[in-house]
Amino acid sequence: MSDICIDTLAAPTYFPPYYFENDDGKGNQYEFNLIDGTMLLAIRAETDPSFASIKPLDVKQILLLSLGTGTSADFAGTYTTKEAANWGLVSGLFHNNSNPLSEMLSEASIIMNDYYIATIYSPLGAEKNYLRIEKTTLTGTTTEMDNATEANMNLLVQIGENLLKKPASNGNPETNEEDLKRFAKLLSERKKKGANKADS
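Draft legend 1. Local environment of the pattern of salt bridges. Taken as a whole, this structure holds four salt bridges when the rule is applied. In this structure, R182 and E174 form a salt bridge, with 3.5 Å as the shortest nitrogen-oxygen distance. For R182, a relative accessible area of 18% corresponds to the buried category. Salt bridges sharing partners connect three or more residues here, namely E174, D179 and R182.

Draft legend 2. Main features of the confidence of the model for the chain. Summarising the model, the chain shows a mean pLDDT of 77, and 74% of its residues fall at 70 or more. Per-element averaging of pLDDT across the chain places helix α4 (residues 88-93) at the bottom with 53 and helix α6 (residues 150-164) at the top with 94. Here residues 92-97 scores under 50 on pLDDT; set against residues more than four positions off or in separate chains, the count is 11 contacts.

Draft legend 3. Layout of the pairing of strand β1 (residues 18-23). Where β1 meets strand β2 (residues 29-34), six bridges bridge the pair, whose relative direction is antiparallel. Across the sheet, D23 pairs through a bridge with Q29, a residue of β2. Counted between consecutive antiparallel strands, the loop separating β1 from β2 contains five residues, among which G25 sits at a positive phi close to 90°.

Parameters at a glance
Chains are numbered independently. Their residues run from 1 in the order of the written sequence. This being a predicted model, a pLDDT of at least 70 is required before a residue's local features are given, and a value of 80 or more before pairs of side-chain atoms are given or counted; all residues contribute to the totals for chains, interfaces and linings. Side-chain numbers here rest on the full set of heavy atoms in the structure, without hydrogens or water. One speaks of a salt bridge when a side-chain nitrogen belonging to Lys or Arg is within 4 Å of a carboxyl oxygen belonging to Asp or Glu. In this scheme, a residue with accessible area under 20% of its type's maximum is buried, one over 50% is exposed, and one in between is partly exposed, where area comes from a 1.4 Å probe on protein chains only. Note: pLDDT gives the predictor's confidence per residue, expressed from 0 to 100. The helix and strand labels rest on DSSP assignments: H or I over at least four residues marks a helix, E over at least two residues marks a strand, and numbering proceeds from the N terminus. Here, two residues are considered to be in contact whenever any of their heavy atoms come within 4.5 Å of each other. A strand pair is defined by DSSP finding two or more bridges across the two strands.

Structure follows, in structure tokens:
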């Protein structure tokens, strides 16, 4: 689990790609050369039979909490086609001191990951087992990945606390806080069941 967490945080230019090996319990070694966004690979490895020797798991038995780091990618109405047509390569990449093309590509990847995972869980009646929480309207210093000033950290904490009161992103009537409490209860119940099985 720690290897997967390091992988998914290996954002290019901030942290180096991450390498690790995993033993399948039968003496077979598998190499992983990963960079960022490992959550999707982790789910695929657990559910896709094409991963040789990795037994697919029932997603009804997998609780997945996906916490985004936030984006400024609320693009609706931000750019017009007329404006974007005049960007060109350089101005498109560095438009008004930002990077809209990079942001759009990154957000598209995030959305597709969320969609892919949701389409695994929902048809199997396990949609309550997957929870994605992400702030998509960050502005100013909160969008700067390398800004670790005390003022910015306090601002991010406040954004996180406000996000708890917002409706859950999966469309249900619960808030993110209520969904997280429900998730914690499910996790606790499963841990207790596992402990009881181990004792019997």
